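# Descriptive structure summary
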Amino acid sequence: MDRYNSSIRDIIRAPFWSTFYYRTHKGGIRPTWRFWRWISVIVINIAFFISYHVDVQLLEGTMNGSRLLGFHLIDLFTAIETWAATHVIHTNMIIGSVTIAFFYILFGGKSFCAWACPYGILSEIGEYFHQKLVRKKIIKERKWDPRIRFAFWAVILIVTFVDGFLVFEVINPIGIISRLIVYGWSLAVVWVVVILLFEIFYSRRMWCKYICPVGTTYNFLGWITATKVQWDMDKCDHCGACLDACFENHVIEFTKPKYDKERKEKGVSKQLVVNGDCTLCARCFDVCHTDAYNYTFRLKDLV
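Residues numbered from 1 in each chain as written. Predicted model: local features only at pLDDT ≥ 70, side-chain atom pairs only at ≥ 80, totals over all residues. Heavy atoms only, no water.

A few words now on the overall build of the protein. If you tally the helices and strands in the protein, you get 15 helices and 8 strands. Projected onto its principal axes, the C-alpha positions of the protein cover 55 × 45 × 40 Å. Across the 303 residues of the protein, 49% fall into the buried class. Long-range pairs, those at least 24 residues apart, make up 71% of the contacts in the protein between residues at least 6 apart in sequence. As presented, the protein carries roughly 15400 Å² of accessible surface, and 66% of it is formed by carbon and sulfur atoms. Positive and negative charge centroids in the protein, built from 35 and 26 side chains respectively, lie 6 Å apart. (Helix = DSSP H or I, 4+ residues; strand = E, 2+ residues; numbered from the N terminus. Buried < 20%, exposed > 50% of the residue type's maximum accessible area, 1.4 Å probe, protein only. Contact = heavy atoms within 4.5 Å. Areas by Shrake-Rupley, 256 points an atom, 1.4 Å probe, with all protein chains shown as cover. Lys, Arg positive; Asp, Glu negative; His and termini not counted. Charge placed at Lys NZ, Arg CZ, Asp CG, Glu CD.)

Encoded structure:
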């Protein structure tokens, strides 16, 4: 992908595999942030696979709960869900969940969705085909208020509390794919395919944006995380490529030109993406031909 010398239309509609690299100003080839994210997801899940099948005790378990070199880790929503079902807080759950929470407070609350979640890769592939179908007017884009995810989050925990069963794990595509990678085939994979088909033919990244309680849990941390995306108004020409690329584009709504006058009056030239829904996926980085986006680490401000 040549984001510096191509039209905005060509950048937005670039072939999928071309989004894993870009041409620099000098004509060299460099990997995009999408490339590095996919490497991160693949390496993490290969580590699960190797640890189980070769018994190297590197990263044992699945995405729900694991041990990294013997140190307990547990997904935050799984921990909350387990407490709701059993009404007991175990020591290992406290250690594992506090460790995970600390890590994502430092390095981006919802970055789990972009940098670790195995379903995220499938969802990105589905997103590409969905957008292609929308542009060809074969299907219509369907959007809802993303805050609906908080209702799903609450309902799932209430049902779990009353029933005493981890109801979400029956339909959790993250857990299903993770167990598939580690332990092998399961009929539950059919459910993952159903979700993906809905995202391709009905609503762009529907599961991730409107339903997933795992991502919703990391959303809470995302508001206070030390690692943020920063936007530079002075570099931006408001081409809109970032808004098209970002599936959580409400988090960068403030970059629209209608807010420029207010920014100039306040003397603001740079703004942070503070919304907890930002996954730090850097798709805005990959399509921005003016390099108006970058990461910033604000630990001092957080403290």
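After that view, the rundown keeps rolling.
Strands sit in the order S3-S4-S5 across an open sheet of 3 strands; the sheet is antiparallel. Taken across any chain shown, the strands that pair with only one partner, and hence form the sheet edges, are strand S3 (59-61) and strand S5 (71-74). Looking at each pair of strands side by side, their axes are set apart by 30° on average, direction ignored. Set on the sheet, helix H2 (residues 33-53) makes contact with S3 and strand S4 (65-68); between it and S3 the angle comes to about 70°. (Pairing = 2+ DSSP bridges. Axes fitted to C-alpha atoms, helices over the stretch in contact; angles between N-to-C directions.)

Looking now at helix H6 (residues 118-135). With 18 residues, H6 should reach 26 Å at 1.5 Å per residue; the first-to-last C-alpha distance of 27 Å fits that figure. Check the buried side of H6 and you find it contacts H2, helix H5 (111-115), helix H8 (173-183), helix H9 (189-201), helix H10 (206-211) and helix H12 (241-245). Note on H6: the residue one or two positions beyond its end, Lys137, has a positive phi of about 60°. (Expected span 1.5 Å × (residues − 1).)

Once that is clear, we can look at the pattern of salt bridges. Oppositely charged side chains may form a pair once their charged atoms are brought near each other. The full count for this structure, using the stated rule, is 17 salt bridges. In this structure, the salt-bridge partner of Arg205 is Glu127, at a minimum N-O distance of 3.8 Å. One end of the pair, Arg205, is in the loop between H9 and H10; the other, Glu127, is in helix H6, and 78 residues separate them in sequence. Pair check on accessibility: Arg205 and Glu127 agree, each one buried. The partner of Glu262 in a salt bridge is Lys266, and the shortest N-O contact between them spans 3.1 Å. Highlighted residues: Glu262 and Lys266, both in helix H13 (residues 260-266), separated by 4 residues, approximately one helical turn. Of the residues examined, Glu262 reaches a relative accessible area of 40% and is grouped as partly exposed. Owing to a relative accessible area of 60%, Lys266 belongs among the exposed residues under this scheme. Here the salt bridges share partners, and the residues they tie into one network are Lys110, Arg149, Glu248 and Asp277. (Salt bridge = Lys/Arg side-chain N within 4 Å of Asp/Glu carboxyl O.)

As summarised here, the arrangement of the 3 strands in space is S7-S6-S8, forming an open sheet in which the pairing is antiparallel. Lying at the two open borders of the sheet, with one neighbouring strand each, are strand S7 (270-272) and strand S8 (293-297). The average angle at which neighbouring strand axes cross in this sheet is 35°, direction not considered. With 3 bridges connecting them, strand S6 (residues 227-232) and S7 associate as antiparallel partners. Directly across from Gln230, in S7, lies its bridge partner Leu272.

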